[in-house]
Amino acid sequence: MLTGKIRNDIDKLWEKFWTGGITNPLTVIEQISYLMFARMLDMQEDMAERKANALQKQGKGGKDFDRLFPNTPEGQLLRWKNFKNLSGKELHKHLKQNVFPYFAKLGKKSDEQDGLGSDGSAIEALGHIGEYMQDADLEIKNESVLVSAVEMVDELPLTQSDVKGDIYEYLLSKLTTAGINGQFRTPRHIIDAMIELIDPQPTESICDPACGTAGFLARTMEYLNRVHSSEAGIFEDEEGNKHHTGDLLEPYRDHINKNMFWGFDFDTTMLRVSSMNMALHGVNGANILYQDSLSKSIKENFPKQEEDFFDVILANPPFKGSLDETNTNPDVLGLVKTKKTELLFVAHILRALKLGGRAAVIVPDGVLFGSSKAHQQLRQELIENNQLEGIVSLPSGVFKPYAGVSTAILMFTKGGTTERVWFYDLQADGYSLDDKRNELKGEGSNDLPDAIAKWKQYRALVEKNASIKEIVKAFGDKTQKAFVVDAKDIADNKFDLSINRYKEVVYEEEQYEDPKKILKKLKALESEIMADLDELEAML
């Protein structure tokens, strides 16, 4: 969580952008991202340079190293430290004409033309970022705003990977407008809860088929850092905030950088933002890719990834509108014949998971109880040919102010059959359920910690092959928030997965006073009023 001075500085810069005429939050985030990215590239080059110099002094190597910037006067002027002090007019011209166009070369194999030649393999290692940087343009017209932005970015503590991730997440939290086609930003505390429920491991491959700002992927990296930090790898900043370096992740670093994270989207602005988000979370080679996950073109573009590939899928796919069947992946339609995106995404996720792979997906409540043939077909598939592990029913205000729709988190594992489903009736998520979404404190204000604890308790019973008697003893009471339902009961109810179908409500008898006594009291009150009115009249 970002607090204190950095947060205030970002707020001030945000205001400067607005008063300087840039009012689209996505544009502000993009422009700040580019500047942060320019500084990070220079920091990376600086570190490689110092390492090479140190090795040379020790007689262990030459001074050559993989460069990001050509070792020429023009090339070196592309580095942050060499242009940050230019005057407003010069700075604007230099960024627009030289620095931003250079971003487009990132991720490509270097050649003699870019001045790097064989020394430039470092730019190739920047994955897909360059592809989405080709359209990068400086949109800050006001020179004083540009100078302020450069000064602010220069002061940000970008050497700390989790802090720069927090900075970017804070910027993204300012996206307050809902996008098109039902896209909106998933609240980060809901993402964090889903990640903790699924518990991804550093050896696994993780995908979000509609990644947006890459919230699920970036927060998974934060989770891994938190879980895999030694005592020496945890430090406190001057404001007392704990930071986790993830030092125990070193053996997995290559996998994390290149093969662990996969995000698909067909909005190029989002791809730029999500690539940057991952880079700022310390993952330069994340596979952030342009692809409509439901389109039939995925079979041609990503034949390996579209079926039996991922260990974990975390998603909040868009659930508005319907698709053109002729352009939809025919294998997904084979699982569920529908045009509804929310059903097609669940079917696609089932296909993309490898056998034993697990998923946590946010779906609108309609998926749980819809009566169409497609709805029932999908639920039957989840129950009979896969393991539908759990359903967390979310309160309807979770996505406000964007939408008031009721939703739930589905958790399932590919393959096998379902014996029983664990339900949790989440009534409060720590925030008010109105448009303001103010943070709440105190007892009963947040069920998420309890839901996670109960889920872990249930999973521990399942993993030790506990008897049905033990499971029913712990989770058989359907009046509680967490309970289990036998798969046969669900099948008997046309695979209805609505929590209200199975939750037992305890009605408490209310005691009311005898109506005759109430009437007598009313008459007495009436008499008193009339007496007072007579007294008042006599005084006139």
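Scroll up to find the structure this text is about.
Cut-offs used in this document
Residues numbered from 1 in each chain as written. Predicted model: local features only at pLDDT ≥ 70, side-chain atom pairs only at ≥ 80, totals over all residues. Heavy atoms only, no water. Helix = DSSP H or I, 4+ residues; strand = E, 2+ residues; numbered from the N terminus. Contact = heavy atoms within 4.5 Å. Areas by Shrake-Rupley, 256 points an atom, 1.4 Å probe, with all protein chains shown as cover. Lys, Arg positive; Asp, Glu negative; His and termini not counted. Charge placed at Lys NZ, Arg CZ, Asp CG, Glu CD. Phe/Tyr/Trp six-rings, centres within 6.5 Å; stacked < 30°, edge-to-face > 60°. Buried < 20%, exposed > 50% of the residue type's maximum accessible area, 1.4 Å probe, protein only. Pairing = 2+ DSSP bridges. Axes fitted to C-alpha atoms, helices over the stretch in contact; angles between N-to-C directions. Salt bridge = Lys/Arg side-chain N within 4 Å of Asp/Glu carboxyl O. Patch = residues over 30% accessible without salt bridge, like charges linked within 9 Å, V, L, I, M, F, W, Y side chains within 5 Å. Expected span 1.5 Å × (residues − 1). Parallel < 35°, antiparallel > 145°, perpendicular 65-115°, else oblique. Left-handed = near helix turned anticlockwise from the far one by under 90°. Nonpolar A, V, L, I, M, F, W, Y, C, P; charged D, E, K, R; others polar.

Caption draft 1: A look at the overall build of the protein. From N to C terminus, the protein includes 23 helices and 11 strands. If one aligns the C-alpha atoms of the protein with their principal axes, the spans along those axes are about 100 × 75 × 50 Å. For the protein, the proportion of contacts with a sequence separation of at least 24, taken over those separated by at least 6, is 71%. Total accessible area on the protein stands at roughly 26,600 Å², and carbon and sulfur atoms take up 50% of it. Charge-centre separation for the protein: the mean point of 66 positive side chains lies 2 Å from the mean point of 86 negative side chains.

Caption draft 2: Representation of the packing of aromatic side chains within the structure. The final tally for this structure, using the stated rule, is 17 aromatic pairs. Each ring, one from Phe423 and one from Phe483, has its centre 5.6 Å from the other, and the planes form 15°; the classification is stacked. Of this pair, Phe423 sits in strand β10 (residues 420–425) while Phe483 is found in strand β11 (residues 482–486), placing the two residues 60 residues apart along the sequence. The residues Phe423 and Phe483 share a single accessibility class, namely buried. Following the ring pairs from residue to residue traces out a cluster consisting of Trp422, Tyr424, Trp455, Tyr458 and Phe475.

Caption draft 3: Here's a closer look at the sheet that holds strand β7 (residues 353–364). Overall, mixed pairing links the nine strands, which are arranged β5-β4-β1-β6-β7-β9-β8-β10-β11 in an open sheet. Single-partner strands in this sheet number two, and they are β5 (287–290) and β11. Recorded for the sheet is a direction-independent mean angle of 15° between the axes of neighbouring strands. As paired strands, β10 and β11 are joined by five bridges and run antiparallel to one another. The residue of β11 that forms the bridge with Trp422 is Val484. Helix-sheet contacts for helix α16 (residues 341–352) involve β6 (310–315), β7 and β9 (407–413), and the interaxial angle to β7 is about 160°. Contacting β8 (387–393), β9 and β10, helix α18 (residues 373–384) runs over the sheet at an angle of about 120° to β8.

Caption draft 4: Structural context of the pattern of salt bridges. Evaluated as defined, the whole model comprises 33 salt bridges. Here Glu419 and Arg420 are joined by a salt bridge, their closest N and O atoms 3.2 Å apart. Judged by relative accessible area, which is 55%, Glu419 ranks as exposed. Judged by relative accessible area, which is 15%, Arg420 ranks as buried. Of the charged contacts, one joins Asp450 and Lys454 as a salt bridge, the two residues approaching to 3.0 Å between their closest N and O atoms. With a gap of four residues between them, Asp450 and Lys454 both fall in helix α19 (residues 448–463), about one helical turn apart. Via salt bridges that share partners, Asp42, Asp46, Glu49, Arg50, Arg79 and Lys81 belong to a single interconnected network.

Caption draft 5: Up close: a negative patch on the surface. A contiguous patch of negative charge on the surface is contributed by Glu528, Asp532, Asp534, Glu535 and Glu537. Residue placement: Asp534 occurs in helix α23 (residues 515–538).

Caption draft 6: Fine view of helix α5 (residues 88–103). Between its first and last C-alpha atoms α5 spans 21 Å; for 16 residues at 1.5 Å apiece the expected length is 22 Å, and the two agree. Listed as buried for α5 are Gly88, Leu91, His92, His94, Leu95, Val99, Phe100, Tyr102 and Phe103.

Caption draft 7: Broad picture of the pairing of β9. Of all the seven residues making up β9, seven are buried; the element is thus mostly covered by neighbouring parts of the structure. Of the two faces of β9, the one lined by Thr407, Ile409, Met411 and Thr413 and the one lined by Ala408, Leu410 and Phe412 are each fully buried. Of the strand pairs in this sheet, β7 and β9 are connected by seven bridges, and their pairing is antiparallel. Bridging across to β9, Ala359 finds its partner in Phe412.

Caption draft 8: Local environment of a nonpolar patch on the surface. Side chains of Ile529, Met530, Leu533, Leu536 and Met539 sit close together on the surface and give an oily, nonpolar patch of about 520 Å² of accessible area. Counting through the fold element by element, Met539 comes out in the segment after α23.

Caption draft 9: Local environment of the environment of Lys478. Along the chain, Lys478 falls in the loop between α20 (468–475) and β11. For the pair Lys478 and Asp365, spaced 113 residues apart in the sequence, the C-alpha separation amounts to 20 Å.

Caption draft 10: Local environment of the side chain of His375. Counting through the fold element by element, His375 comes out in helix α18. Residue His375 is classed as buried on the basis of its relative accessible area, which comes to 8%. Those residues in contact with His375 that lie beyond four places of it in its chain are Lys340, Leu343, Gly366, Val367 and Gly370.

Caption draft 11: View of the pairing of β6. Burial of β6 is extensive: six of the six residues sit out of reach of the surface. Here strand β1 (residues 206–208) pairs with β6 via two bridges, running parallel. If you follow Ile206 over to β6, its bridge partner there is Val312. In the sheet, β6 pairs with β7 via five bridges, with the strands oriented parallel. Paired with Phe310 across the bridge in β7 is Leu353.

Caption draft 12: Fine view of the packing of helix α1 (residues 4–19) against helix α2 (residues 25–57). Put simply, α1 and α2 touch, their axes get as near as 11 Å, and they point 120° apart. Accordingly, the angle class assigned to the pair α1 and α2 is oblique. In the crossing of α1 with α2, the sense of the turn from one axis to the other is right-handed. Residue-level inspection shows Leu13, Trp14, Phe17 and Trp18 of α1 in contact with α2, the latter providing Pro25, Val28, Ile29, Gln31 and Ile32. By residue class, the composition of the contact of α1 with α2 is eight nonpolar, one polar and no charged.

Caption draft 13: Quick peek at unusual backbone geometry. A positive phi angle, close to 50°, is found at Asp308, a residue other than glycine. Looking at the element boundaries, Asp308 is found in the loop between α14 (297–301) and β6. A positive phi angle, close to 60°, is found at Phe495, a residue other than glycine. Accessibility expressed as a relative area gives 9% for Phe495, which makes it buried.

No statement about biological role is implied by the geometric values presented.
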